[in-house]
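Residue-level structure breakdown
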Amino acid sequence: MYLKRLTLNNFKNCTEADLSFSEKINCFIGNNGTGKTNILDAIYYLSFCKSYFNQIDNQNIKHETSFFAIHGYYVKNSKQQDTISCTLQRNQKKQFRLHKKLYHRLADHIGLFPLVMVSPYDRDLINEGSELRRKYIDSVISQFDKVYLDDLINYNKALSHRNALLKYFAVNRTFDKASLEIWDEQLVNLGQGIFEKRHKFIKSFTPIFQEYFNFISDGKEQVAIKYESQLKGNDLKSLLAQAIGKDRMFGHTTVGIHKDDLLFSIGGYPLKKFGSQGQQKSFVISVKLAQFEYTKNIKGFKPVLLFDDIFDKLDEIRVKQIVKLVSENSFGQVFITDTQKERIDKIFLSLNIDHKIFSVDDGEVK
Amino acid sequence: MNSYSSKLLENAVNELAKLPGIGRKTALRLALHLLKEDIEQVEAFSRAITKMRNEVRFCQECHNISDLDICEICSNLKRKKSIICVVEDIRDVMAIENTGQYHGVYHILGGVISPMDGIGPADINIITLENKVAKQEVEEIILALPTTIEGDTTNFYLFKKLKNYNINISIIARGVAIGDELEYTDEITLGRSILNRMPYEHSLKK
Ligand SMILES: [Zn+2]
């Protein structure tokens, strides 16, 4: 699958653009703040129905204009062309269409045009709390497994109900076992399934990830992703039973899959503390590349890959390794933004790959 | 917004805007519409609403909305009193009645268990259902609550309460997409669901 043509109107700082792309590598070169990232964000919109950077749709309309429009023309195979459009009138509901047919549920679109975004924000996966890492694997798994997504939504609802009940008990100094038990049962049923799917996912994901990391960093360091869950070796039913005193004291549920985490390590030590900036960067890029391959294997075709400004702080050899890697046949269409024209020119001079270079200045793309 | 030229109009708008799903803009449009209508028409409108509020009863048997102390369904001798279909509210009764496939009676809970909304088992009509079952007049309970986590949990609570009585507890087939409430299910599917209900135990995850 690849994006053949993209048109933009009043999207962020871009008044108008009509771009035709290479099936392989497309680079947008420009200084910071020129709007090269906005092009990637428009492509992201077409896959996920929202911005990667700014969840408030209205703020993605160009200042002093009344609407934005993004149209994408995709080629899935030699026979099939898909047109996706996303339009938004200021202060109205966003309209999302496939072949001019309006979606009633945006969720139906997610996963049809798979895309993987690699951006400087990926470092948050290392630095931020466990919630972000759970969100990350949840978003990857739910792209193929709608049952997982439903179970997760229901688990979180059941959890909120149970917490509301615990708070009610604490405030009113009462307790009713029967009322609490029915929510325990829901958490146990849903949580067990989610645990097993997360476990299975990380098990098949990690080897792919390790292979990419070795390639990018020349295989010097041993890296690992470990899935940590209270449910490992315990069943949630007995965990809930053991924790009841604690839960009543705190007024919320202290055990369950909402406490899961991923532990990133390098050479056996925590990555956050012991990894250099370059190692950390290679680590998250490898996670994203593994996500690409995992998605490709399940979907049966190649997702679009976006690289937003990730080459800074990486040495030239690693940058070249990455570009060389994604030029290979196992990868499909790639979009890259960078500030340094010389760096990009030099890479393509030594690699014989189909590519297009666009220069971006003040929202204008050439 | 203090720019109403009439206090009377403002009062009417304030009242209309209290209705669910009605914002101030729509409330104003409705009020202006009523002003254009014949006065008899508007009087009939407000009479119907006041009368409904004053005179409506809740059936003493099933808690359905009714004009009499016992609703038409419960007082119909042709309906089997030994089969009770448990639903959330009157909209579900209407949906199932429209299928013409069901000949038992109903029990309207008036809500589902939802601690986040402050609704516990004691806040909905569970005790009256248990009383009916305890009097040994019931052979089968059909659970037809929404396929939401709250509906599902309420089913489970009822099952735990009622499983020790000598009755069949069944649940209507969940062909409906997750999150779809009963009132949106088309009538043919629902009719089939009522006929193809399955024992509750079989619906539980292992
Ligand atoms: Zn009745």
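Residues numbered from 1 in each chain as written. Chains lettered and ligands numbered in written order. Predicted model: local features only at pLDDT ≥ 70, side-chain atom pairs only at ≥ 80, totals over all residues.

Here we look at the pairing of strand E4 (residues 104-108) of chain B
All names here are of chain B. Among the five residues of E4, four are classified as buried, and the element is accordingly described as predominantly covered. Bridge count for strand E3 (residues 80-87) against E4 is five bridges, and the pairing is parallel. Looking across to E4, one finds that Lys80 is bridged to Gly104. With helix H5 (residues 90-99) bridging E3 and its parallel neighbour E4, the resulting β-α-β unit is right-handed. (Buried ≥ 20, exposed ≤ 12 C-beta atoms within 10 Å, placed from the backbone. Helix = DSSP H or I, 4+ residues; strand = E, 2+ residues; numbered from the N terminus. Pairing = 2+ DSSP bridges. Right-handed = clockwise from strand over helix to strand, strands pointing away.)

Observations regarding helix H10 (residues 316-327) of chain A
Residues and elements named next belong to chain A. End to end, H10 covers 17 Å across 12 residues, agreeing with the expected 16 Å (1.5 Å per residue, within 8%). Turning to H10, its buried residues number three or more, namely Ile322, Val323 and Val326. Each buried residue of H10 sits inside an arc of 95° when the element is viewed along its axis, so together they form one side. Across from the buried face of H10, at angles greater than 90 degrees, the exposed residues are Glu316 and Ile317. Its buried side turned inward, H10 meets helix H5 (177-216), helix H9 (277-299), strand E12 (304-308), strand E13 (334-338) and helix H11 (341-350). (Expected span 1.5 Å × (residues − 1). Arc of directions from axis to C-beta. Contact = placed C-beta atoms within 7 Å.)

Comments concerning the nonpolar core
Generally speaking, soluble globular proteins have nonpolar side chains that are buried together. Counting residues in hydrophobic clusters, the biggest one holds 64 residues, and the most contacted among them are Ala42(A), Ile43(A), Ile70(A), Leu305(A), Leu306(A) and Phe307(A). With eight residues, H9(A) is the largest single contributor of residues to this core. Counting contributing residues per domain, this core is built from domain 1 (2-114 + 303-365) and domain 2 (130-266) of chain A, each supplying no fewer than three. Those residues in contact with Ile70(A) that lie beyond four places of it in its chain are Leu8(A), Phe11(A), Ala42(A), Tyr45(A), Leu46(A), Ser85(A) and Cys86(A). Counting 55 residues, the second-largest nonpolar core is a separate cluster that includes Leu180(A), Cys62(B), Tyr102(B) and Ile169(B). (Core = buried A, V, L, I, M, F, W, Y, C linked by C-beta atoms within 7 Å. Domains from an automatic or database assignment.)

A closer look at the interface of chain A and chain B
If you look at the interface, chain A gives 15 residues, while chain B gives 11 residues. Looking at the side of chain A that touches chain B, the elements that each hand over two or more residues are helix H4 (146-172) and H5 of chain A.

Remarks on the sheet that holds strand E6 (residues 168-171) of chain B
All names here are of chain B. Taken in spatial order, the five strands make up an open sheet running E4-E3-E5-E6-E7, and their pairing is mixed. Each edge of the open sheet is held by one strand with a lone partner, namely E4 and strand E7 (198-199). Pairing of strand E5 (residues 140-143) with E6, which is carried by four bridges, proceeds in the parallel orientation. Bridged to Ile142 within E6 is Ser170.

A short note on unusual backbone geometry
All names here are of chain A. Residue His99 is not a glycine yet carries a positive backbone phi of 50°. Within the secondary structure, His99 sits in the loop between strand E6 (95-98) and strand E7 (101-102). Within the chain, Asp309 stands out as a residue other than glycine whose phi angle is a positive 45°. The topology assignment puts Asp309 in the loop between E12 and H10.

Points about the domain arrangement of chain A
All names here are of chain A. The domain boundaries assigned to chain A delineate domain 1 (2-114 + 303-365) and domain 2 (130-266). Each of domain 1 and domain 2 has a C-alpha centre, and the two are 34 Å apart. Taken together, the contacts link seven residues of domain 1 with four residues of domain 2. The residue inventory of the side of domain 1 that touches domain 2, partitioned by class, reads four nonpolar, two polar and one charged. (Nonpolar A, V, L, I, M, F, W, Y, C, P; charged D, E, K, R; others polar.)

Comments concerning the packing of H4(A) against H5(A)
Residue and element names in this part refer to chain A. At a minimum axis separation of 9 Å, H4 and H5 run at an interaxial angle of 150°. At the point where H4 passes H5, the crossing takes the left-handed sense. Counted together, Tyr148, Asp151, Leu152, Asn154, Tyr155, Ala158, Leu159, His161, Arg162 and Leu165 of H4 and Ser179, Leu180, Trp183, Gln186, Leu187, Leu190, Gly191, Gly193, Ile194 and Lys197 of H5 form the full contact between these two elements. For the contact of H4 with H5, a count of residues per class yields 11 nonpolar, six polar and three charged. (Axes fitted to C-alpha atoms, helices over the stretch in contact; angles between N-to-C directions. Left-handed = near helix turned anticlockwise from the far one by under 90°.)

Looking at the environment of Phe215(A)
All names here are of chain A. Mapped onto the secondary structure, Phe215 falls in helix H5. Separated by 71 residues in the primary sequence, Phe215 and Ser286 place their C-alpha atoms 9.1 Å from one another. Beyond its immediate sequence surroundings of up to four residues, Phe215 is in contact with Gln321 and Leu325.

Description of the pairing of strand E3 (residues 25-29) of chain A
Here E3(A) lies mainly inside the structure; five of its five residues are buried. Residues Ile25(A), Cys27(A) and Ile29(A) line one face of E3(A) and the alternating positions Asn26(A) and Phe28(A) line the opposite face, and both faces are buried.

Let's talk about the environment of Lys200(A)
With respect to the helices and strands, the residue Lys200(A) is situated in helix H5. Residues Lys200(A) and Val304(A), spaced 104 residues apart in sequence, show a C-alpha to C-alpha distance of 25 Å.

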